[in-house]
Amino acid sequence: MKVISTKKAPAAIGPYSQAIRIGNLVYTSGQIPIDPATGVFVEGGIKEQTRQSLTNVKAILEEAGLSMTNVVKTTVFMADMNDFADMNAVYSEFFSEPYPARSAVAVKTLPKGASVEIEVVAAIV
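Small disclaimer: the values here were computed from a predicted structure and weren't measured. (Residues numbered from 1 in each chain as written. Predicted model: local features only at pLDDT ≥ 70, side-chain atom pairs only at ≥ 80, totals over all residues. Heavy atoms only, no water.)

Draft legend 1. Representation of the nonpolar core. Counting 24 residues, the largest nonpolar core has L54, L61, M68, V71, V76 and F95 as the members making the most contacts within it. Secondary structure elements with two or more residues in this core: α1 (46-63), β6 (71-78), α2 (84-94) and β8 (116-123). Per-element tally for this core: the top contributor is α1, with six residues. In this structure V76 touches M87, Y91, R102, S103, A104, V105, V116, E117 and I118, once residues within four positions along its chain are discounted. (Core = buried A, V, L, I, M, F, W, Y, C linked by side-chain atoms within 4.5 Å. Buried < 20%, exposed > 50% of the residue type's maximum accessible area, 1.4 Å probe, protein only. Helix = DSSP H or I, 4+ residues; strand = E, 2+ residues; numbered from the N terminus. Contact = heavy atoms within 4.5 Å.)

Structure below.
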């Protein structure tokens with residue numbers, strides 16, 4: 001098992017790692033829309049928050065020597081399922097066919113009041 005960590009994504013705000021590699025898989029922790037340069041949420045709504053969350057995921061994967069094309073599964077947590085279409089529009093900018101498997105769920109609240117949190121599993125092939 002190997003811990004993956006980069007300053008290009010927000011530092012963990014609790015007792016967890018940004019990502020863990022075990023075997024040929026990398027599991028990221030959920031990424032909320034914190035700009036690692038400022039330590040605060042990006043300005044804007046669900047589109048901007050989704051973009052920053054996925055940018056954080058991308059930075060973690062790059063630290064592991066991977067890219068978004070290595071992602072095999074995503075989980076998207078949203079505070080409001082009415083934001084799905086806008087989240088999906090930005091999400092589609094980060095992934096191309098063959099798309100990873102995905103779950104998208106609405107939750108009551110997310111850390112720090114975020115509108116979205118995204119975690120991924122990536123395969124080293």
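After presenting the structure, the write-up continues.
Draft legend 2. Examining the packing of aromatic side chains more closely. Tallying each qualifying case throughout the model produces one aromatic pair. Seen in terms of ring centroids, Y91 and F95 are 4.6 Å apart; in terms of plane orientation they differ by 35 degrees. Their pairing is tilted. On the accessibility criterion, Y91 (6% relative accessible area) is buried. Positioned above the aromatic ring of Y91 is the side chain of R102, whose terminal nitrogen or guanidinium carbon lies 4.5 Å from the ring centre. (Phe/Tyr/Trp six-rings, centres within 6.5 Å; stacked < 30°, edge-to-face > 60°. Lys NZ or Arg CZ within 6 Å of the ring centre and 35° of its normal.)

Draft legend 3. Spatial organisation of a nonpolar patch on the surface. A contiguous nonpolar surface patch, about 370 Å² in accessible area, is contributed by M1, I22 and Y27. On the secondary structure map, M1 appears in the segment before β1 (2-4). (Patch = residues over 30% accessible without salt bridge, like charges linked within 9 Å, V, L, I, M, F, W, Y side chains within 5 Å. Areas by Shrake-Rupley, 256 points an atom, 1.4 Å probe, with all protein chains shown as cover. Salt bridge = Lys/Arg side-chain N within 4 Å of Asp/Glu carboxyl O.)

Draft legend 4. Spotlight on the pattern of salt bridges. For the structure on display, the rule yields one salt bridge. A salt bridge links E93 to R51, with the shortest nitrogen-to-oxygen separation between them at 3.1 Å. Of this pair, E93 sits in helix α2 while R51 sits in helix α1; the two residues are 42 residues apart in sequence, bridging distant segments of the chain. Of the residues examined, E93 reaches a relative accessible area of 53% and is grouped as exposed. Its relative accessible area of 32% is what places R51 among the partly exposed residues.

Draft legend 5. Layout of the environment of A104. Examined against the element boundaries, A104 turns out to sit in strand β7 (residues 101-106). Remark: the alpha-carbon pair of A104 and F84, spanning 20 residues in sequence, is separated by 8.4 Å. Excluding anything up to four places from it in sequence, A104 contacts V76, M81 and F84.

Draft legend 6. Seen up close, the sheet that holds β8. The six strands lie next to each other as β1-β2-β3-β8-β6-β7, forming an open sheet whose pairing is mixed. With one partner strand each, in any of the chains shown, β1 and β7 form the two edges of the open sheet. Across the sheet, the mean angle separating the axes of adjacent strands is 15 degrees when strand polarity is ignored. Pairing analysis gives three bridges linking β1 to strand β2 (residues 19-22), with the strands arranged antiparallel. (Pairing = 2+ DSSP bridges. Axes fitted to C-alpha atoms, helices over the stretch in contact; angles between N-to-C directions.)

These results come straight from atomic positions and should not be treated as a statement about function.
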